[in-house]
Amino acid sequence: MTPQGLAHAVPDADADDATVIEFSRHEPEQFTVLFRRHAPHIQRYVVRRLGADAADDIVAETFLLAFRQRDRYDLARADARPWLYGIATNLIGRHRRAEIRLYRALARTGADPVTEPFTDRVDDRVSAELASRQLAAALARLSAELRDTMLLAAWSDLSYEQIAVALGVPTGTVRSRLSRARSKLRQTMGDVDPSALAEEPQ
Amino acid sequence: MNEMDLLTRFRAEVPLGVSPHAEELFRAGMTDHPTERRVAPPPRHLLARVRMPWRLAIAAGLTAGLAAGLLIAVQPSRPPAPTAVQPSSSPRLTVKLLADRASAAALAGPTVPAGQWVYRLTVTYTASPPRGVPAKITQGNWSTADGSLSYNPGSWGTSPGHAFYSELGSLPRNPIALDRYLAKLSYPNANATQVNKDVADFGTIEELLSNDILPPSLNAELYQALGDIPTIQVKTHITDVDGRAGVAFVLPETSQSANLEIILDASDYGYLAQAAWEPSNGSPNSAIPFTETAVLKTTLVSGPGSVQPDSAPPSRAELTVERAATAMLGSSKSGLGDIPAPSQWIYRKLSAKGGTREVWARADDTEQASYVNGTLVTCARSASCASGTKWLVATGPAFTLIDPPTRAGPWLPDAPQALLDKLNTYRTGCTDTAGYCNAVGVIANLFSGYADVGISSLAWYFSLADVPGATVQNITDAAGRADVEFSFPFTGGITGILFNARTYQFAGYLRSGAQTLLLQQANVAGPGVRP
């Protein structure tokens, strides 16, 4: 069934994203279905990267950009999450300095401005465990593309193929970026003892 | 705990859910002149465009305390000098002049085969590292000359696919076409703003120069391309973190990047280091500190893990193994936690001269089952039937050395030569022990008897290529499949190991010239269950 010509058609509650988007081309209000469906996950992803303050604007902007580009959406893609995560990731990229600042704040002080609003107990936020601080320091040093790939893999539930769609790169690139990002994290986090590598191996 | 688990837990306390404010903004935007809404970021604060000394001057004028903090935060390890400062005696070093000199030096460099392994000793300096992390970290790492494969103790990797120089060919000569070409390599979907393109060009060139040993002509073209980036500048009379005199190409900070530098040797214009620093907008907390990675030593070596200079071109066996590694790192089984549990039952169908046989075994080969006269017989290694069972891994290291339960080790050695030496200490009954026949026998056991452990097995492949006298040929095996055969000059025991010619998955082995082939392998629910 196509929505054409149906004056007040609405998609089924379990219609896939592509169907919802197709409907929304004629019934713009239907796009809110997509928002309700995916905004909670997108918001969590953005908050984890940029904190709650910046996230509201970015989440709204992600869906508004998607809304405006819905005519260009490839309806063969039933699941819209790669598209939405891709837009959100691009928008996050404009706040690269803010993101890095947050990682560095955590690495320096042990207090994470991102999770602070969500932590009830005072002693929880007094000092993050060392591993988190090292991780934050390592994330701050990753290149933007490695960080985007890595954090989508860790935080979005997208498959490699979907991450590739989200970032507009081949799947092989996602794999190689992940592999490289992981090894960089491992190096910088001291999983490999730096002192052991300070001298050339015999 | 590995870094992926750590990352999954990192900031996991952020709840799932959309804020009312976000929803409000979204709904307002949907009805409120949707096509006119501005989506571009606000223009950067004017101060951000001001050159460095100026900004410092402004900061210094604020308060003494703040200025001191700021200076610490933004002060690179050498005096920041965004524009070239020249001694009056020599001609002014322009971007063009530096590009020409670097190109000329590059053209005089050696031609290194793409598959040649290279050992690099680098030092990474971070101005204000987090507590517990040293400011300077010196590390050795290995990669092939084309950057397609890399090895650090404990991890194998492939570079982002776009940077394989073998795929680049010659670069477009027209600067505009070159711009577009380089930017596309880094950011296929980037909006073509000039800032985007400059940053993308610089990033791509930087990656190629720092990770690859390029053919001289391409190396030279890249330096010319660097000089063609419209916003590029030069900086002279600097020293890298190792104290070497240098000159640098500088891409001034943009909304997408810090100040980026490629530092070349001041006398021979060879590549020395890359650096990034961001002076920020005046708040000490917002500074991204100066970081620099300098290459201290570059040595051509025989393979990953080796530091002895060896410029002999890679053998066919070594190149085959590199292709296998690339294929495996690029396949879906990329080793990100998909090694089966040790207790997983695996069904195997094997064929040898005497016919085919079916064997069920746990992933760690501690228990095995097969049909004997129509009855399924299951045997554990500890049971009394064990002595009569033809174990898949008759001799070799325990599975826990390949996949330690706590992921904390101990592991088998990771570097190929060390692994080969270790595996050769097991006794498989062969005679040519000096020629690593025991190691080859054990590797055949590991491939045929333990679960497919993905890239954890990469070192096994590299070890095979390190066996003296190993040769490689393409064959059609007894089952009609196209294989790659690694042959070894032994008089007995395992004399060859077969891999699928396309996927490089294990396909079988030769014992005294006779093939044993793995026809099928699949995880199943238990003994006797066929896939």
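First things first, this report covers the structure right here in the doc. The structure displayed is predicted, hence computed values, not measured ones. (Residues numbered from 1 in each chain as written. Chains lettered and ligands numbered in written order. Predicted model: local features only at pLDDT ≥ 70, side-chain atom pairs only at ≥ 80, totals over all residues. Heavy atoms only, no water.)

**Here we look at the overall build of chain A**
Here is step 1: The helix and strand tally for chain A stands at 10 helices and 0 strands.
Here is step 2: Along chain A, from the amino end to the carboxyl end, the secondary structure elements read α-α-α-α-α-α-α-α-α-α.
Here is step 3: Considering chain A as a whole, with its 202 residues, one finds that 56% of them fall into the buried category.
Here is step 4: Pairs at least 24 residues apart make up 61% of the contacts formed inside chain A by residues separated by at least 6 positions.
Here is step 5: Counting every atom, chain A has about 8500 Å² of accessible surface; 48% of that belongs to carbon and sulfur. (Helix = DSSP H or I, 4+ residues; strand = E, 2+ residues; numbered from the N terminus. Buried < 20%, exposed > 50% of the residue type's maximum accessible area, 1.4 Å probe, protein only. Contact = heavy atoms within 4.5 Å. Areas by Shrake-Rupley, 256 points an atom, 1.4 Å probe, with all protein chains shown as cover.)

**A closer look at unusual backbone geometry**
The general pattern is negative phi for most residues beyond glycine and trans for most peptide bonds.
All names here are of chain B.
Here is step 1: Positioned with a positive phi, His 237 is a non-glycine residue whose angle comes to about 55°.
Here is step 2: Mapping His 237 onto the fold places it in strand E5 (residues 233-239).
Here is step 3: According to the relative accessible area criterion, His 237 is exposed, its value standing at 60%.
Here is step 4: Positive phi values are uncommon outside glycine, yet Ser 512 reaches one of about 50°.
Here is step 5: Here Ser 512 falls in the exposed class, since its relative accessible area comes to 55%.

**What about the nonpolar core?**
Here is step 1: Of all hydrophobic cores here, the largest spans 71 residues; its most connected members are A:Phe31, A:Val46, A:Phe63, A:Trp83, A:Leu139 and A:Leu185.
Here is step 2: If one sorts the elements of this core by residue count, helix H2 (residues 31-50) of chain A sits on top with 10 residues.
Here is step 3: Beyond its immediate chain neighbours, meaning those up to four positions away, A:Phe63 contacts A:Phe31, A:Leu34, A:Phe35, A:His38, A:Ala39, A:Ile42, A:Leu84 and B:Phe26. (Core = buried A, V, L, I, M, F, W, Y, C linked by side-chain atoms within 4.5 Å.)

**A few points about the state of the cysteines**
Residues and elements named next belong to chain B.
Here is step 1: Summed over the entire model, instances satisfying the criterion amount to 2 disulfides over all chains.
Here is step 2: Between the sulfur atoms of Cys 379 and its disulfide partner Cys 385 the distance amounts to 2.1 Å. The S-S bond linking Cys 379 to Cys 385 shows a torsion near 110°; that makes this disulfide right-handed.
Here is step 3: Of the residues examined, Cys 379 reaches a relative accessible area of 3% and is grouped as buried.
Here is step 4: The disulfide bridge from Cys 430 ends at Cys 437, spanning 1.9 Å between sulfur atoms. Between Cys 430 and Cys 437, the disulfide has an S-S torsion of 80° and is therefore right-handed. (Disulfide = S-S within 2.5 Å.)

**Focus on the sheet that holds strand E17 (residues 506-511) of chain B**
Residue and element names in this part refer to chain B.
Here is step 1: A sheet is described by the order of its strands in space; here 9 strands give the open sequence E13-E12-E11-E10-E18-E17-E16-E15-E14, paired in antiparallel fashion. What marks the edges here is a single partner per strand, and that holds for strand E13 (375-380) and strand E14 (471-476). Adjacent strand axes in the sheet meet at a mean angle of 25° when their direction is disregarded.
Here is step 2: Direction of pairing for strand E10 (residues 345-352) relative to strand E11 (residues 355-362): antiparallel, over a ladder of 8 bridges. When the bridges of E11 are listed, Arg 348 appears paired with Val 359.
Here is step 3: Here helix H11 (residues 437-449) sits on the sheet in contact with E10, strand E16 (494-500) and E17, set at roughly 35° to E16. (Pairing = 2+ DSSP bridges. Axes fitted to C-alpha atoms, helices over the stretch in contact; angles between N-to-C directions.)

**Focus: the pattern of salt bridges**
Here is step 1: Tallying each qualifying case throughout the model produces 20 salt bridges over all chains.
Here is step 2: The salt bridge partner of A:Arg77 is A:Asp74, with a shortest N-O separation of 4.0 Å.
Here is step 3: One salt bridge in this structure joins B:Glu261 and B:Lys235, with 2.4 Å as the shortest N-O distance. You can see B:Glu261 sitting in strand E7 (residues 259-265) and its partner B:Lys235 sitting in strand E5, a full 26 residues away along the chain. (Salt bridge = Lys/Arg side-chain N within 4 Å of Asp/Glu carboxyl O.)

**Considerations on helix H1 (residues 17-24) of chain A**
Residue and element names in this part refer to chain A.
Here is step 1: For H1, the buried fraction is high: 6 of the 8 residues fall into the buried class.
Here is step 2: Three or more residues of H1 are buried, namely Asp 17, Ala 18, Val 20, Ile 21, Phe 23 and Ser 24.
Here is step 3: As for H1, its buried residues are in contact with H2 and helix H4 (81-93).

**Some remarks on the packing of aromatic side chains**
Here is step 1: Per the stated rule, a full pass over the model turns up 22 aromatic pairs over all chains.
Here is step 2: Seen from their ring centres, A:Phe35 and B:Phe26 are 4.4 Å apart, and the 5° between their planes marks the pair as stacked. Highlighted residues: A:Phe35 in helix H2 and B:Phe26 in helix H2 (residues 20-31), drawn from two different chains.
Here is step 3: In this structure A:Phe35 comes out as buried when scored by relative accessible area, which is 2%.
Here is step 4: Judged by its relative accessible area of 0%, B:Phe26 is buried.
Here is step 5: A connected cluster of aromatic rings, assembled from ring pairs, spans B:Phe447, B:Trp460, B:Tyr461, B:Phe486, B:Phe499 and B:Phe506.
Here is step 6: When the ring centre of A:Phe67 is taken as origin, the NZ or CZ atom of A:Arg70, which lies over that ring, is 4.1 Å away. (Phe/Tyr/Trp six-rings, centres within 6.5 Å; stacked < 30°, edge-to-face > 60°. Lys NZ or Arg CZ within 6 Å of the ring centre and 35° of its normal.)

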